[in-house]
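Breakdown of the fold
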Amino acid sequence: MNILSNAGSSIQYRDSFISIQSYVPFSIFNMQHTCHRLLFVLSGAATVEHGADVYRMEAGQLIFLKRDIAVSLTAGDASLEIITAVIGEELLLEFTRMAALPEGPALQDAVTVHDSTPQLEDYFITLVHYFTSQNGVEPSLARIKLLELLFCTGAKHPALLKQLLQWKQQVYGDIMAVVCDNLENSLTLSRLAKLSGRSLSSFKRDFHAINNMAPSRWIRQKKLEKAKEMVANTSLAVADVCYTLGFGNVTHFSRLFKSYFGVSPSEFKRNKQQLKVA
């Protein structure tokens, strides 16, 4: 499929919507949402990273993203066109009242990739007409199209449909805001947990559910990426960068930096300076 469309167009009914976006090759964008999402690739290909896990998505495939997770999506070497669907609680509840619920367990994985079906492909292709319409879409028609997506999904992927129907959300404090706001501070995980309103065990569990990575590992990687930026773009000495980011020990910092980037911070800074002179 290779369907050209207007980026950013959408079909909306109350708290549910279907939108279409186009991205240039190799573009990168991060996503974190409070609702489950279905992505359908109209054209192109991309990779989705959730912590240490990497998923490949290609044209004609359907991708499920669980709510409350952080993912990074990178377009391939061709233009990427994606349709995103979010079904809100009101429509999900209406669907459960009119349809027979699928048997068996729901999927539990945070990210899953599914092959499409002719029925689903035809459904998404017909949506393009509505996206390009100058008159917009009546709310009653938007409601029907959103419900139709649930029926089409359940016909081939009942376990996926059952997961979509699990819309009740936990009450989360803004765990990522707490961590990111204190990234340059030397706070213990216990302190971060307290600031987020959680016990230490709950903090670790919830953080891993969002990022598919332990908080200590995630924080270390983000600090090292920030350190690389500071070493390359500021006049600060390596030791100053080390202490600014709360590493505490220059030798330990240098060893971590080299392990992550393949070169020591001093050597990295020297190479950058030589390139600027050249």
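As a reminder, the structure under discussion sits directly above these lines.
Calculation notes
Every residue gets a number counted from 1 within its own chain, in the order that chain's sequence is written. It should be noted that, the model being predicted, local features are given only for residues of pLDDT at least 70 and side-chain atom pairs only at 80 or more, the latter also being counted only at that level, while totals for whole chains, interfaces and linings use all residues. Side-chain figures throughout are based on the complete set of non-hydrogen atoms in the structure, without hydrogens or water. A pairing counts as a salt bridge when a side-chain nitrogen of Lys or Arg comes within 4 Å of a carboxyl oxygen of Asp or Glu. By definition, any uninterrupted DSSP run of H or I lasting at least four residues is a helix, any uninterrupted run of E lasting at least two residues is a strand, and each is numbered from the N terminus. Each residue is assigned to one of three classes by its accessible area relative to the maximum for its type, calculated with a 1.4 Å probe on protein chains only: buried under 20%, partly exposed between the two thresholds, exposed over 50%. Pairing of aromatic side chains here covers Phe, Tyr and the six-membered ring of Trp, requires ring centres within 6.5 Å, and sorts the geometry by plane angle: under 30 degrees stacked, over 60 edge-to-face, intermediate tilted. For a helix, the expected span equals 1.5 Å multiplied by the number of residues minus one. Here the term cavity refers to a set of points on a 1 Å grid, laid over the protein atoms alone, in which a 1.4 Å probe fits but cannot get out; the term pocket refers to an open set having protein on both sides within 12 Å along at least five of seven lines, with lining residues being those that place an atom within 4 Å of a point. Grid points are joined across faces, edges and corners, and a volume is the space filled by probe spheres set on the points. Asp, Glu, Lys and Arg are counted as charged, while Ala, Val, Leu, Ile, Met, Phe, Trp, Tyr, Cys and Pro are counted as nonpolar; the rest, among them Gly, fall into the polar class. Here, strands pair whenever DSSP counts at least two bridges between them. In this analysis an axis means a line fitted to C-alpha atoms, helices contributing only their contacting stretch, and an angle means the value between N-to-C directions, from 0 to 180 degrees.

**Some remarks on the pattern of salt bridges**
This model, assessed by the stated rule, comprises eight salt bridges. Put simply, glutamate 90 and arginine 14 hold a salt bridge, and the shortest N to O gap is 2.4 Å. One end of the pair, glutamate 90, is in helix α1 (residues 89-98); the other, arginine 14, is in the loop between β1 (10-13) and β2 (16-23), with 76 residues separating them in the sequence. Glutamate 90 gets classed as partly exposed once you look at its relative accessible area, which sits at 34%. Among the salt bridges present, the one from aspartate 206 reaches arginine 205, with a minimum N-O distance of 3.7 Å. The class of aspartate 206 is buried, set by a relative accessible area of 7%. Each of the salt bridges in this network shares a partner with another, and the network as a whole consists of Arg198, Arg205 and Asp206.

**Side note on the packing of aromatic side chains**
Applying the stated rule across the entire model yields 11 aromatic pairs. When the ring of phenylalanine 257 is compared with that of phenylalanine 268, the centres are 5.9 Å apart and the planes differ by 55°; the resulting orientation is tilted. Of this pair, phenylalanine 257 sits in helix α10 (residues 250-261) while phenylalanine 268 is found in helix α11 (residues 265-277), placing the two residues 11 residues apart along the sequence. Just as phenylalanine 257 is buried, phenylalanine 268 falls in that class too. Seen in terms of ring centroids, tyrosine 260 and phenylalanine 261 are 4.8 Å apart; in terms of plane orientation they differ by 85°. Their pairing is edge-to-face.

**Thoughts on helix α8 (residues 215-233)**
Taking 1.5 Å as the rise per residue, α8 with 19 residues should run 27 Å; its terminal C-alpha atoms sit 27 Å apart, in good agreement. Among the residues of α8, those classed as buried are Pro215, Trp218, Ile219, Gln221, Lys223, Leu224, Ala227, Met230, Val231 and Ala232.

**Description of empty space enclosed by the protein**
With the rule as written, the count across this model stands at one cavity of 30 Å³ or more. Its boundaries defined by the atoms lining it, the largest cavity holds a volume of some 50 Å³. Met31, Gln32, His33, Cys35, Arg37, Leu65, Lys66, Arg67, Ile69 and Val71 together form the lining of the largest cavity. Classifying every residue of the lining of the largest cavity by side-chain character gives five nonpolar, two polar and three charged.

**Points about the sheet that holds strand β8 (residues 70-75)**
Here four strands make up an open sheet; going across it, the order is β3-β8-β5-β6 and the pairing antiparallel. The strands lining the two open edges of the sheet, one partner per strand, are β3 (28-32) and β6 (53-58). Averaged over neighbouring strand pairs, the angle between their axes works out to 25° when direction is ignored. In this structure, β3 lies alongside β8, joined through five bridges in antiparallel fashion. Pairing of isoleucine 28 across the sheet is with threonine 74, part of β8.

**Considerations on the pairing of strand β4 (residues 37-43)**
For β4, a buried count of seven out of seven residues is recorded, marking the element as mostly surrounded by other parts of the structure. With four bridges joining them, β4 and strand β7 (residues 61-65) adopt antiparallel strand pairing. Residue pairing in the sheet places leucine 38 in a bridge with phenylalanine 64 of β7.

**With respect to the layout of surface pockets**
The space that makes up the largest pocket amounts to roughly 430 Å³. Forming the boundary of the largest pocket are 15 residues, of which Gly51, Ser72, Asn211, Trp218 and Lys222 lie nearest the centre. Breaking the lining of the largest pocket down by element, the ones donating at least two residues are β3, β5 (45-50), β8 and α8. The dominant element in the lining of the largest pocket, judged by the number of residues it contributes, is α8, at four residues. Residue composition of the lining of the largest pocket, grouped by class: five nonpolar, seven polar and three charged. For the second largest pocket, the calculated volume is near 260 Å³. Leu187, Ser216, Ile219, Arg220 and Lys223 are, among the 16 residues lining the second largest pocket, the residues nearest its centre.

Everything listed here is a matter of geometry and, on its own, says nothing about what the molecule does.
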